[in-house]
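Descriptive structure summary
Here is what each chain is made of, one letter per residue.
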Amino acid sequence: MPDQNYAPSPEFAAQAVGTADLFDQAEKDFEGFWAEQARTHVTWRTDFDTTLDWSDAPFAKWFVGGQLNVAENCVDRHVEAGNGDRVAIHFEGAEGDTQTITYADLQKRVCQAANAFTELGVRTGDRVAIYLPMIPEAIVAMLACARLGAPHSVIFGGFSADAIRSRVADAEARVVVTADGQHRKGKVAPLKTAVDEAVRGEDSPVEHVVVVRRTDADVEWTDKDVWWDELVDRQSTEHEAQAMDAEHPLFILYTSGTTGKPKGILHTSGGYLAQAAYTNRIVHDLHPETDVYWCTADIGWVTGHSYLVYGPLANGATQVVYEGTPDHPHQGRWWEIVEKYKVSILYTAPTAIRACMKWGADIPAKYDLSSIRVLGSVGEPINPEAWRWYREHIGGGSAPIVDTWWQTETGAIMISPLPGVTTLEPGSAQRPIPGISAEILDDMGEPFTEPEKVGYLVLTKPWPSMLRGIWGDDARYKETYWSRFGSEYYFAGDGAKYDADGNIWLLGRVDDVMNVSGHRLSTAEIESALVSHPTVAEAAVVGAADDMTGQAVWAFVILRGDAANDDEEKTVADLKAHVAGEISPIAKPKSIMVVSELPKTRSGKIMRRLLKDVAEGREIGDSTTLTDASVMDFIKKGMSKG
Ligand code: 6R9
């Protein structure tokens, strides 16, 4: 059944939040449509007077004149509306510990944290870095920052000291929030040690490190450190929130670029919150009074920001937050959680679905998953095989799957089916949602609609949750996103095509950014980590198609003369560990080949395309622009040998 598609059931369509007429409304009156979404999903202290100011394009201003407090929207207003007793978070700890946090509880905890940060000297506009596991304090810290108008920069808990240092320096963060360790598959892994290393020295902008007690591991203590509980628990549970301008910065989130230096993607308050809440309602079909929602993303990634913190909390949803991994203590852990909390909306990544497929359908079959009514996918294309498995074995053969395309830069979902409207086509993210306009361009920058032709995905109109820039680098913002096809088009960096029905299929990154298990990694960053090892002379990295992780990191290295005679196996193992330490375990190459030369063009650019052919086991493509075509023969011989 390769071409089977799936129309929504009449019962589902009848209750769905997102309806077909939204497309017409947005088409007829673009600004009026977004103004209405912003007034429906956000409570404004002061209403806005201008929906969109695009006069300084590509620097957008949305909902100009409007004032709001994002944390108040995510917490206080639900309490004021009489929903203080509603569960905001069912927390499921990695070690089986649990917490039930209502909106009233959350309000108190956020107020205490806001008072605590104020005591440390954090003022509106100051940056706070958050380097925490998936525990309630992470969400509380983010909301406390939002409450104060102090932009947060969440750094994924798997990143190294170097990654923390460069991000903290770029954002000039005054405070870092971390924990004494993190639970990882039954063991305690260090966390604070990386922060200690990152904030050491006179030149660090960090004045205070707030440490959550999570594991009781022994940690070294410095005079910047203060325990979270000693600081926060004694604070008042009341805090008066100030209103911020719609365009007040809400957070910076770093993501890989084509050069080694990560980009600090800047998001602001009103437009971001409006689109995060709106999309969470219509795409996930969220009914906050009755649904139990679960997004499995880590808060270190944008999905955790928009669909674990801001979207669902702005909507007053009840959600599950899980600290652990899907396979600990057993491979049915996720399904046990779905059964326990009667999860009705599950939002996860294709890589996780493929792992569950590998473990076998008999595992989810042991649990009652009948509460599930909507499934979501994000982070990379979901192959039709995984799509069908997901619907069949997790969705009871009937749950709609929303394959949602978006980016750190877009802030919220852009291309996706609407579950009560769209006839689903497995493997395709399908159409821009109401209010969003996309096109596919050819090499010359001309839009086309013919099926199966491959081009570049662009967005043709500004949108409320769009990035407002790259922190401290306006030129790079313009150059990266608004120059490839002229200033009229936002260039997403993804290849795409239409099918005969006009559905959009995303085909992966066209630049040198890889997507491993839904995490973006830049080839340049990994190459520079490899080259930073004393044995490596030169390195080339490619993302090769991989059944489990979407793409996998393949590295080709030339060793330095004096290292070339060393034990190759040991060198390769050392290099893998080195990359894991320098960047993150996610960036660790799956394969490292020691080669004597790399394929290069006359202008000296490494032809990664050819290495990708090798890694993916294909015939080598056109190598006529190589300085020395025999190089590829040597590399191929090396492959068959290994
Ligand atoms: C939300 C997120 C963005 C890149 C994006 C694209 C890929 C995300 C996808 C998808 C195909 C989907 N991507 N969702 N590709 N289908 N449904 O993942 O943000 O980490 O910034 O990555 O991920 O290549 O450009 P981010």
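Keep in mind it's a predicted model, so treat the numbers as computed, not measured.

Per the secondary structure count, the protein includes 19 helices and 30 strands. Against the compact-globule benchmark of 26 Å for 642 residues, the protein has a radius of gyration of 24 Å, which places it among compact chains. With respect to the principal axes defined by its C-alpha atoms, the protein has extents near 75 × 60 × 55 Å. Looking at the protein as a whole, 61% of its 642 residues qualify as buried. Considering only residue pairs separated by 6 or more positions, the protein has 69% of its internal contacts joining residues 24 or more positions apart. Carbon together with sulfur atoms contributes 48% to the accessible area of the protein, which is approximately 24,800 Å² in total. On the protein, the mean spot of the 60 positive side-chain charges and the mean spot of the 94 negative ones are 2 Å from each other.

Under the criterion given, the structure shown has 32 aromatic pairs. On the numbers, 5.6 Å between centres and 65° between planes, the contact of W294 with W334 is edge-to-face. Placement of W294 in strand β16 (residues 292–295) and of W334 in helix α12 (residues 333–341) is noted, with a sequence separation of 40 residues between them. Residue W294 is classed as buried on the basis of its relative accessible area, which comes to 1%. Of the residues examined, W334 reaches a relative accessible area of 7% and is grouped as buried. For the ring pair Y477 and W482, a centre distance of 6.5 Å and an interplane angle of 70° mean the geometry is edge-to-face.

Structurally, D180 can be placed in the loop between β8 (175–179) and β9 (182–184). A polar atom in the side chain of D180 sits 2.8 Å from the backbone nitrogen of R214. Looking at D180, its side chain comes within polar contact range of the main-chain nitrogen of T215, at 2.9 Å. With sequence-adjacent residues up to four places away left out, D180 is seen in contact with V211, V212, R213, R214, T215, D216, A217, V219 and W227.

Before going further, it helps to examine the site of the ligand. Taken together, 17 residues sit near the ligand, with D403, T404, T408, R509 and R520 positioned nearest. G379 has a polar backbone atom sitting 3.1 Å from a nitrogen atom of the ligand. Here an oxygen atom of the ligand sits 2.5 Å away from a polar atom, N or O, in the side chain of T408. At the level of secondary structure, the elements contributing two or more residues to the shell around the ligand comprise α11 (302–314), β20 (401–404) and β25 (504–509). Class assignment of the residues belonging to the shell around the ligand gives a composition of six nonpolar, six polar and five charged.

Attention shifts here to a negative patch on the surface. Residues D562, D566, D567, E568 and E569 make up a contiguous surface patch of negative charge. Structurally, D567 is set in the loop between β29 (550–559) and α17 (568–582).

Where helix α5 (residues 103–119) contacts helix α6 (residues 136–148), the axes come no closer than 8 Å and their chain directions differ by 65°. The element α5 and its partner α6 pack so that their crossing is right-handed. Only P136, E137, V140, A141, L143, A144, C145, R147 and L148 of α6 make contact with α5, whose side of the interface consists of L106, R109, V110, C111, A113, A114, F117 and T118. Looking at the contact of α5 with α6 residue by residue, the class counts come to 13 nonpolar, one polar and three charged.

Moving on, we come to the sheet that holds strand β24 (residues 490–498). With respect to topology, four strands assemble into an open sheet ordered β21-β22-β24-β25, the strand pairing being antiparallel. Lying at the two open borders of the sheet, with one neighbouring strand each, are β21 (438–441) and β25. Strand after strand, the sheet turns through a mean of 45° between neighbouring axes, direction not considered. Of the pairings in the sheet, the one linking strand β22 (residues 455–459) to β24 comprises four bridges and is antiparallel in character. When the bridges of β24 are listed, L459 appears paired with Y490.

With 141 residues, the main nonpolar core has L106, L143, W228 and Y310 as its most contacted residues. Here this core takes ten residues from α6, the largest share from any one element. Sequence-distant contacts of L143, defined by excluding residues within four places in its chain, comprise A71, C74, V75, L106, V110, V309, Y310 and L313.

Turning to helix α4 (residues 70–83), a few remarks are in order. In α4, a bend of some 40° at D76 exceeds every other bend along the element. Along α4, the positions that sit buried rather than exposed are V70, A71, E72, N73, C74, V75, D76, R77 and H78. Its side-chain oxygen at 3.0 Å from the backbone nitrogen of A71, N69 defines the N-terminal cap of α4.

A few words now on the pairing of β8. Among the five residues of β8, five are classified as buried, and the element is accordingly described as predominantly covered. Across the two faces of β8 the burial is the same, with V175, V177 and A179 and V176 and T178 all buried. Sheet topology places strand β6 (residues 128–130) next to β8; three bridges connect them, and they run parallel. Bridge assignment links A129 to a residue of β8, and that residue is V176.

Attention shifts here to the UniProt feature "binding site: ATP" (unreviewed entry) in the protein. According to UniProt, the "binding site: ATP" (unreviewed entry) feature falls on G379, E380, P381, D403, T404, W405, W406, Q407, T408, D494, R509 and R520. Inspection of the secondary structure puts E380 in the loop between β19 (374–378) and α14 (384–394). Within polar-contact distance, the side chain of E380 engages the backbone nitrogen of T351 at 3.4 Å. Take W405: its relative accessible area is 7%, and that puts it in the buried class. Apart from residues no more than four positions distant in its own chain, W405 is found in contact with T410, I413, M414, I415, A429, L457, L459, A492, D494 and L506.

So, on to the packing of helix α13 (residues 350–359) against α14. Running from N to C, α13 and α14 cross one another at 70°; their axes reach a closest spacing of 10 Å. Comparing the axis directions of α13 and α14 gives the class roughly perpendicular. On α14, the residues that touch I353, R354, C356 and M357 of α13 are E385, A386, W389 and Y390. Broken down by class, the residue content of the contact of α13 with α14 amounts to six nonpolar, no polar and two charged.

Moving on, we get to unusual backbone geometry. Of all residues except glycine, most have a negative phi; of all peptide bonds, most are trans. Residue A57 is joined to P58 through a cis peptide bond whose omega torsion reads 5°. The peptide bond linking H328 to P329 adopts the cis configuration, its omega dihedral lying at 0°. Within the secondary structure layout, P329 lies in the loop between β17 (318–322) and α12. In this model, K185 sits at a positive phi of 50°, which is unusual for a non-glycine residue. Looking at where K185 falls in the secondary structure, it is placed in the loop between β9 and β10 (187–189).

The rules we used
Residues numbered from 1 in each chain as written. Predicted model: local features only at pLDDT ≥ 70, side-chain atom pairs only at ≥ 80, totals over all residues. Heavy atoms only, no water. Helix = DSSP H or I, 4+ residues; strand = E, 2+ residues; numbered from the N terminus. Rg over C-alpha atoms; globule rule 2.2 N^0.38 Å. Buried < 20%, exposed > 50% of the residue type's maximum accessible area, 1.4 Å probe, protein only. Contact = heavy atoms within 4.5 Å. Areas by Shrake-Rupley, 256 points an atom, 1.4 Å probe, with all protein chains shown as cover. Lys, Arg positive; Asp, Glu negative; His and termini not counted. Charge placed at Lys NZ, Arg CZ, Asp CG, Glu CD. Phe/Tyr/Trp six-rings, centres within 6.5 Å; stacked < 30°, edge-to-face > 60°. Polar contact = N/O pair within 3.5 Å; in protein donor to acceptor, adjacent residues only side chain to side chain. Near = heavy atom within 4 Å. Nonpolar A, V, L, I, M, F, W, Y, C, P; charged D, E, K, R; others polar. Patch = residues over 30% accessible without salt bridge, like charges linked within 9 Å, V, L, I, M, F, W, Y side chains within 5 Å. Salt bridge = Lys/Arg side-chain N within 4 Å of Asp/Glu carboxyl O. Axes fitted to C-alpha atoms, helices over the stretch in contact; angles between N-to-C directions. Left-handed = near helix turned anticlockwise from the far one by under 90°. Pairing = 2+ DSSP bridges. Core = buried A, V, L, I, M, F, W, Y, C linked by side-chain atoms within 4.5 Å. Bend = angle between axes of the 7 residues up to and from the residue. UniProt positions renumbered as here; feature names shortened; annotations may be inferred. Parallel < 35°, antiparallel > 145°, perpendicular 65-115°, else oblique.

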